[in-house]
Amino acid sequence: MASGVLRDGLYMNVFCRFFLLPLGLFSSSLCGPALGSVFAWTLCPLNVLLIIVDDLRPSLGCYGDKAIRSPNIDQLASRSLLFQNAFAQQAVCAPSRVSFLTGRRPDTTRLYDFNSYWRIHAGNFSTIPQYFKENGYVTMSVGKVFHPGISSNYSDDSPYSWSFPPYHPSSEKYENTKTCRGPDGQLHANLLCPVDVADVPEGTLPDKQSTEQAIRLLEKMKTSASPFFLAVGYHKPHIPFRYPKEFQKLYPLENITLAPDPQVPAGLPPVAYNPWMDIRQREDVQALNLSVPYGPIPVDFQVGHLLSALDDLQLTNSTIIAFASDHGWALGEHGEWAKYSNFDVATRVPLMFYVPGRTAPLPEAGEELFPYIDPFDSVLESMEPGRRVMDLVELLSLSPTLAGLAGLHVPPRCPVPSFHVQLCREGQNLGKHFQLQDLGEDPHLRGNPRESIAYSQYPRPADYPQWNSDKPSLKDIKVMGYSIRTIDYRYTVWVGFDPREFLANFSDVHAGELYFVDSDPLQDHNMYNDSQGRDLLQSLMP
């Protein structure tokens, strides 16, 4: 019976890919949602292209940043559903990636640092690529998808998550070596590192290699009878800022301004401050008080080429595109750099989904949805996002949402506890937000942004900043900061934490933060001990 179902499914895939799609017969009526569910399984399974950018906060044109030239990402946003207020669950690479790829919170994966593999340390939790693989997809990984090392078993979670071994660009091994030529003519390990690509080892950069490999895989999958799930992880803008030197002309150093609030707020509890030790170790930062420019342009360049290739291969009418970051990055706000905190600048991320025939009309024969746009063009057309969602959402909703959009059964909600459950989700399925255009803007489905909440957390080894405050190992964690973000405020409580039992003691409060984001959008005025703050906190008590 099972073999017959698989055989019929294969025939249907072949029929869709080599008959319906070339003839332009793929439509939302044939392969769209059935009544009674957000997205039912389709006759023509949709491919998935997941783009993950490292350390990218929403400093993009489509998020209202006028200084940033990101035309290709903006073009994707113009045909996507864009989530204006999406937040990561922990603002550091490995814990965040394991969280959104498994759909579980850091307290469930028990990964707060880089030093354990969740399948051994917490539970044998399925991942989103594993779930697609088990449902007949060819799953592929290019670049930095999982964080490399112990946290993904030195294998990017192979063979569980991927149909064949993940690809890593050969030039990534030079990322933290001395490849930045200084005014003295010598090579340095700098934070700010514009390079002549022809002079760097291998004559290329990791993200360029990742784009080239991703395009090669797309070319192979165009003639495949199976649907694919391709995850492409870009390294930049993760430090060091090593990028082709020609991009400097777009962001002259003399035009770069400091953050509007570069001082440490007077009311900031010491436990909340991250001392950005990895930035301080860079040679150029040690030498001077460097103002660091920041822009996603090299990443936009790669995203543009990747999406243009999807067009050229006529895959845009059958491929969901999801675009996200693992967390944000502080640029001097609150006297802090890098991630490692619960502030919005560290936890807020870009998140958007393109769904063919849903967020944008299906392309006509020969039409390009994502033609490459040169960021160096002197005049760039302004593009508005297709539709914005203002509700607060969490990055760990990525997994159930992709499953639902592709027509797979959305995994059930996790019980408490769920360490023994292999497949479940702790995040919401965001599919309801894609229904609105079909259901006449039903106000009951639209939701109330004031009812949406995003949770994040960050560990500390002590109540005062020290050398390992940014990235404490599990055994050194003494305090955990749990943060609630609503449309009105961010509330964080720092409590005692036992790393041996993975237990937070909410009766052992070390410090608190409360910021009313309407009157204090930069989160500089801590109202935790103010009378207004006490009134709110009292109202939150059960």
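All of these numbers come straight from a predicted model, not from anything done at the bench.

## Considering the nonpolar core
Phe 83, Phe 132, Phe 229, Leu 351, Phe 353 and Leu 402 are the most contacted members of the largest nonpolar core, which has 44 residues in total. Apart from the residues within four sequence positions on either side, Phe 353 is in contact with Ser 80, Leu 81, Phe 83, Ile 321, Ala 322, Thr 359, Leu 398, Thr 401, Leu 402, Leu 405 and Phe 434.

## Side note on helix α2 (residues 71-78)
Along an α-helix, residues three or four positions apart point the same way, because every turn accommodates 3.6 residues. Summarising burial for α2: seven of the eight residues are buried, a large majority. Three or more residues of α2 are buried, namely Pro 71, Asn 72, Ile 73, Asp 74, Gln 75, Leu 76 and Ala 77.

## As for the side chain of Asp 326
Relative to the elements of secondary structure, Asp 326 occurs in the loop between β9 (319-325) and β10 (330-331). Judged by its relative accessible area of 0%, Asp 326 falls in the buried class. Residues in contact with Asp 326, not counting those within four places in the same chain, are Val 53, Asp 54, Asp 55, Ala 88, Cys 93, Ser 96, Arg 97, Phe 100, Val 349 and Leu 395.

## With respect to the confidence of the model for the protein
Residue-level pLDDT values for the protein average 86, and 84% of them are 70 or greater. Contacts of residues 1-9 to residues separated by more than four positions or lying in other chains number zero contacts, the stretch itself having pLDDT below 50.

## Looking at the environment of Arg 485
Within the secondary structure, Arg 485 sits in strand β16 (residues 479-485). What makes Arg 485 buried here is its relative accessible area of 9%. Ignoring sequence-local partners within four residues, the contact set of Arg 485 consists of Phe 87, Asp 344, Leu 392, Ser 452, Ile 453, Ala 454, Arg 490, Val 517 and Gln 523. Polar contacts involving the side chain of Arg 485 include one to the side chain of Asp 344, which spans 2.8 Å.

## Considering unusual backbone geometry
Looking along the chain, the bond that leaves Ser 158 and enters Pro 159 is cis, with omega of 0 degrees. Within the secondary structure layout, Pro 159 lies in the loop between β3 (138-143) and β4 (180-181). Despite not being glycine, Arg 110 has its phi angle at roughly 60 degrees, a positive value. Along the chain, Arg 110 falls in the loop between α4 (106-109) and α5 (118-121). We classify Arg 110 as partly exposed; its relative accessible area is 22%.

## Considerations on the pattern of salt bridges
Throughout the structure, instances matching the rule amount to 15 salt bridges. For Lys 208, the salt bridge goes to Glu 212, with nearest N and O atoms at 2.6 Å. Placement of both Lys 208 and Glu 212 in helix α7 (residues 206-221) is noted, with a separation of four residues, approximately one turn of the helix. On the accessibility criterion, Lys 208 (38% relative accessible area) is partly exposed. Between Arg 490 and Asp 344 there is a salt bridge, with the nearest N and O atoms lying 2.9 Å from each other. Linking Arg 490 in strand β17 (residues 489-498) with Asp 344 in helix α11 (residues 344-347), this pair joins segments that are 146 residues apart in sequence. An identical accessibility class is assigned to Arg 490 and Asp 344; each is buried.

## Observations regarding the state of the cysteines
With the rule as written, the count across this model stands at one disulfide. Note that Cys 414 is cross-linked by a disulfide to Cys 424, the S-S spacing being 2.0 Å. Residues Cys 414 and Cys 424 share a disulfide whose torsion about the S-S bond is about 95 degrees; that sign makes it right-handed. Note that Cys 414 is positioned in the loop between α12 (398-405) and α13 (443-446) and Cys 424 in the loop between α12 and α13, a separation of ten residues in sequence.

## Section: the packing of aromatic side chains
As enumerated under the stated definition, the model contains 16 aromatic pairs in all. Plain terms: the ring middles of Tyr 112 and Phe 497 are 5.5 Å apart, the flat faces sit at 85 degrees to each other, and that makes the pair edge-to-face. Pair noted here: Tyr 112 is in the loop between α4 and α5 and Phe 497 is in strand β17, with a separation of 385 residues, a long-range link. We classify Tyr 112 as buried; its relative accessible area is 3%. Using a relative accessible area of 7% as the deciding quantity, one classes Phe 497 as buried.

So, how was this worked out
Residues numbered from 1 in each chain as written. Predicted model: local features only at pLDDT ≥ 70, side-chain atom pairs only at ≥ 80, totals over all residues. Heavy atoms only, no water. Core = buried A, V, L, I, M, F, W, Y, C linked by side-chain atoms within 4.5 Å. Buried < 20%, exposed > 50% of the residue type's maximum accessible area, 1.4 Å probe, protein only. Contact = heavy atoms within 4.5 Å. Helix = DSSP H or I, 4+ residues; strand = E, 2+ residues; numbered from the N terminus. pLDDT = per-residue confidence, 0-100. Polar contact = N/O pair within 3.5 Å; in protein donor to acceptor, adjacent residues only side chain to side chain. Salt bridge = Lys/Arg side-chain N within 4 Å of Asp/Glu carboxyl O. Disulfide = S-S within 2.5 Å. Phe/Tyr/Trp six-rings, centres within 6.5 Å; stacked < 30°, edge-to-face > 60°.

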